[in-house]
Amino acid sequence: KLMTLTDNYKNARGSKPTKTLLRLSHLYSVGEHPKLSLPASVSLAKVFSKTGLKIKSVEETSLTGNQPLKQMDDAKLIWKTHEPWNYSHPKPYDERIYMKEEGFVVTLRPMELRTFWVEFEEESS
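Residues numbered from 1 in each chain as written. Predicted model: local features only at pLDDT ≥ 70, side-chain atom pairs only at ≥ 80, totals over all residues. Heavy atoms only, no water.

J.: Give me the lowdown on the nonpolar core, citing residues and values where you can.
T.: Counting 13 residues, the largest nonpolar core has Leu-44, Ile-55, Val-58 and Phe-116 as its most contacted members. Put simply, the parts of the chain that give this core at least two residues each are β2 (20-25), α1 (44-49), β4 (55-61), β5 (105-108) and β6 (113-120). The biggest single contributor to this core is β6, with three residues. Leave out the neighbours within four places in its chain, and Leu-44 touches Leu-22, Leu-24, Ile-55, Val-58, Gly-103, Phe-104 and Val-106. (Core = buried A, V, L, I, M, F, W, Y, C linked by side-chain atoms within 4.5 Å. Buried < 20%, exposed > 50% of the residue type's maximum accessible area, 1.4 Å probe, protein only. Helix = DSSP H or I, 4+ residues; strand = E, 2+ residues; numbered from the N terminus. Contact = heavy atoms within 4.5 Å.)

J.: So what's going on with the packing of aromatic side chains? Which residues, and what values?
T.: Aromatic rings in a pair are described by how distant their centres are and how their planes are angled relative to each other. Applying the stated criterion across every chain yields a total of one aromatic pair. Between the aromatic rings of Phe-48 and Phe-120, the centroid separation amounts to 5.1 Å while the plane-to-plane angle is 70°, which identifies the pairing as edge-to-face. You can see Phe-48 sitting in helix α1 and its partner Phe-120 sitting in strand β6, a full 72 residues away along the chain. A residue is classified by how much of its surface remains accessible, and Phe-120, at 18% relative accessible area, is buried. Just above the ring of Tyr-98 sits the side chain of Lys-70; from NZ or CZ to the centre is 5.0 Å. (Phe/Tyr/Trp six-rings, centres within 6.5 Å; stacked < 30°, edge-to-face > 60°. Lys NZ or Arg CZ within 6 Å of the ring centre and 35° of its normal.)

J.: Summarise the pattern of salt bridges; cite the residues concerned and give the values.
T.: Inspection of every chain in the model, using the stated rule, returns four salt bridges. Linking Lys-56 and Glu-119 is a salt bridge whose minimum nitrogen-to-oxygen distance equals 4.0 Å. Here Glu-119 lies in strand β6 and Lys-56 lies in strand β4, a separation of 63 residues in the sequence. On the basis of relative accessibility, which here comes to 17%, the residue Glu-119 falls in the buried class. Between Asp-73 and Lys-76 there is a salt bridge; the shortest N-O distance is 3.5 Å. A relative accessible area of 46% means that Lys-76 is categorised as partly exposed. Residues participating in the shared-partner salt-bridge network are Asp-73, Lys-76 and Arg-96. (Salt bridge = Lys/Arg side-chain N within 4 Å of Asp/Glu carboxyl O.)

J.: Now, about the environment of Glu-32: what can you tell me, with residues and values included?
T.: Assignment of secondary structure puts Glu-32 in the loop between β2 and β3 (40-43). Given a relative accessible area of 48%, Glu-32 falls into the partly exposed group. When the C-alpha atoms of Glu-32 and Pro-110 are compared, they prove to be 9.2 Å apart, with 78 residues separating the residues in sequence. Contacts of Glu-32, omitting those with residues within four sequence positions, involve Leu-27 and Ser-37. Polar side-chain contacts of Glu-32 include one of 2.9 Å to the backbone nitrogen of Ser-29. (Polar contact = N/O pair within 3.5 Å; in protein donor to acceptor, adjacent residues only side chain to side chain.)

Right, here's the structure in full:
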């Protein structure tokens, strides 16, 4: 589901925004539905080309959109954890699936929310 699509943000120099904030979310949780709970992949290039927009660049960010996702992951602390006995619920995912640059393909896992800064090519008139 498309959660947010807005260019209502000024860039650092205060001029017209050049990027659009995009948020996508997966609405189902693990095990909620046999098919709809599976990871879903979407090509942002294909979705926006249907409206006549061509993507120039996409940068995945933290949920708040204030830092690149890979930069955030590199600075993340690694916590010591333990496996509780008798834990029978679905296990969390250990590794992040980053966006594929070719076609800007995003894979959303159950209940996942992801944020991107998208820059579209300017329309030629």
